[in-house]
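Fold and contact review
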Amino acid sequence: MKIFCIGRNYAEHAKELGNAVPDEPVVFMKPKNALLQPHMPFYYPEFTNELHYECELVLRVCKNGKYIQPQAASRYYDAVTTGIDFTARDLQQELKKKGLPWEKAKSWDNSAVVGTWIPFGEIPSAADIRFSFKKNGELVQQGNSAEMIHSFDTIVAHISQYFSVNIGDLIFTGTPAGVGEVVVGDELEAFLGEKSLLKLEVK
Ligand code: MG
């Protein structure tokens, strides 16, 4: 199992971090151990002083493929949920400045959290999925798949030109504006529409 992540997929978020809006998807990966297992606590890592949440729509891959055409891409994912791409922002800024890879800032153990899966059969339109994120009960992020620079199908097709996608792989599709810091004791909750799919306390 692999975790693909897309960076800078919402124009407002690219802007808030001072990044250009990319022509093609920005892809990075997290290893299997990055996935927080169900019912396990999430601990604030020791190597950062600036841990950020990034709430994102996450796709679940249901079919093995390579060189997938955009028109066929929707057959390769069958469920969606909300997730958190946890980021050690201080480390990431340092690495970016030096032109170094992001893994230490993005891909550490338990840095990827996903909520309850919703089958696409229950979703009226993949191009109009509203989601939101609350920190300590306060709304801090909201997004809609309609606002993504690269659609689900474009992302899947693009990734598959470089990497095989396999059943069980996850794809984090990018975060909207409003990313911010978390501290120990924060309560985080992510929603698809009105439905709460993910709840987590930072320990
Ligand atoms: Mg992200």
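Preceding this section is the structure that the text describes.
Keep in mind it's a predicted model, so treat the numbers as computed, not measured. (Residues numbered from 1 in each chain as written. Predicted model: local features only at pLDDT ≥ 70, side-chain atom pairs only at ≥ 80, totals over all residues. Heavy atoms only, no water.)

1. Some details on the coordination of the magnesium ion
The magnesium ion binds to the protein through E54 (OE), E56 (OE) and D85 (OD), with metal-donor distances spanning 2.0 to 2.1 Å. Here the donor residues of the magnesium ion are spaced in sequence according to E-x1-E-x28-D. One end of the pair, E56, is in strand β4 (residues 55-61); the other, D85, is in strand β5 (residues 77-85), with 29 residues separating them in the sequence. Just as E56 is buried, D85 falls in that class too. (Donors = N, O, S within 2.8 Å, 3.2 Å for Na, K, Ca; no water. Helix = DSSP H or I, 4+ residues; strand = E, 2+ residues; numbered from the N terminus. Buried < 20%, exposed > 50% of the residue type's maximum accessible area, 1.4 Å probe, protein only.)

2. Remarks on the nonpolar core
V80, F86, L192 and L200 are the most contacted members of the largest nonpolar core, which has 45 residues in total. Filtering out sequence-adjacent residues up to four positions away, L200 remains in contact with L36, F42, F86, V113, D186, E187 and L188. (Core = buried A, V, L, I, M, F, W, Y, C linked by side-chain atoms within 4.5 Å. Contact = heavy atoms within 4.5 Å.)

3. Considerations on the pattern of salt bridges
Counted according to the given criterion, the structure contains nine salt bridges. With a closest N to O distance of 2.7 Å, D169 and K2 form a salt bridge. Of the two residues, D169 is situated in the loop between α4 (152-162) and β11 (170-172) and K2 in the segment before β1 (3-7); the sequence distance between them amounts to 167 residues. The pair formed by D169 and K2 is uniform in burial state, with each residue classed as buried. Of the charged contacts, one joins D85 and K106 as a salt bridge, the two residues approaching to 2.8 Å between their closest N and O atoms. Note that D85 is positioned in strand β5 and K106 in helix α3 (residues 103-106), a separation of 21 residues in sequence. D85 sits in the buried class, given a relative accessible area of 1%. Among the residues examined, K106 registers a relative accessible area of 3% and is labelled buried. Salt bridges linked by common partners bring K30, E54, D85, R89 and K106 together as one network. (Salt bridge = Lys/Arg side-chain N within 4 Å of Asp/Glu carboxyl O.)

4. Thoughts on the packing of aromatic side chains
Scanning the model with the defined rule gives 11 aromatic pairs in all. Ring geometry for F4 and F163: centres 5.6 Å apart, planes at 50°, overall tilted. Of this pair, F4 sits in strand β1 while F163 sits in the loop between α4 and β11, and the two are 159 residues apart along the sequence. On the numbers, 4.1 Å between centres and 15° between planes, the contact of F42 with F86 is stacked. A residue pair is termed long-range when its members are at least 10 positions apart, and F42 in the loop between β2 (26-30) and β3 (51-53) and F86 in the loop between β5 and β6 (87-88) qualify at 44 residues. A relative accessible area of 1% means that F42 is categorised as buried. Put simply, the rings of F42, F47, F86 and W108 touch in pairs and so form one group of aromatic residues. The residue whose ring lies beneath K63 is Y76, and the NZ or CZ to ring-centre distance is 5.4 Å. (Phe/Tyr/Trp six-rings, centres within 6.5 Å; stacked < 30°, edge-to-face > 60°. Lys NZ or Arg CZ within 6 Å of the ring centre and 35° of its normal.)

5. A closer look at the pairing of strand β10 (residues 138-144)
Pairing analysis gives six bridges linking strand β9 (residues 130-135) to β10, with the strands arranged antiparallel. Among the inter-strand pairings, K134 is bridged to a residue of β10, identified as L139. In this structure, the hairpin formed by β9 and β10 is closed by a connection of two residues, where N136 is found at a positive phi of approximately 50°. (Pairing = 2+ DSSP bridges.)

6. Here's the deal with the layout of surface pockets
Computed from the structure, the largest pocket encloses a volume of approximately 400 Å³. Elements that contribute at least two residues to the lining of the largest pocket include exactly β7 (112-114) and β14 (195-201). In terms of residue class, the lining of the largest pocket is built from 14 nonpolar, four polar and four charged. Forming the boundary of the second largest pocket are I118, E122, I123, P124, S125, D128, I129, R130, L192, G193 and K195. Split by residue class, the lining of the second largest pocket holds five nonpolar, two polar and four charged. (1 Å grid on protein atoms, 1.4 Å probe; cavity = no way out; pocket = protein on both sides within 12 Å on 5 of 7 lines; lining within 4 Å. Points joined across faces, edges and corners; volume = space filled by probe spheres on them. Nonpolar A, V, L, I, M, F, W, Y, C, P; charged D, E, K, R; others polar.)

7. Let's talk about the sheet that holds β10
Taken together, four strands build an open sheet; the order of strands is β10-β9-β13-β14 and the sheet is antiparallel. Each of the sheet's edge strands pairs with one partner strand only, and the pair in question is β10 and β14. The average angle at which neighbouring strand axes cross in this sheet is 15°, direction not considered. (Axes fitted to C-alpha atoms, helices over the stretch in contact; angles between N-to-C directions.)

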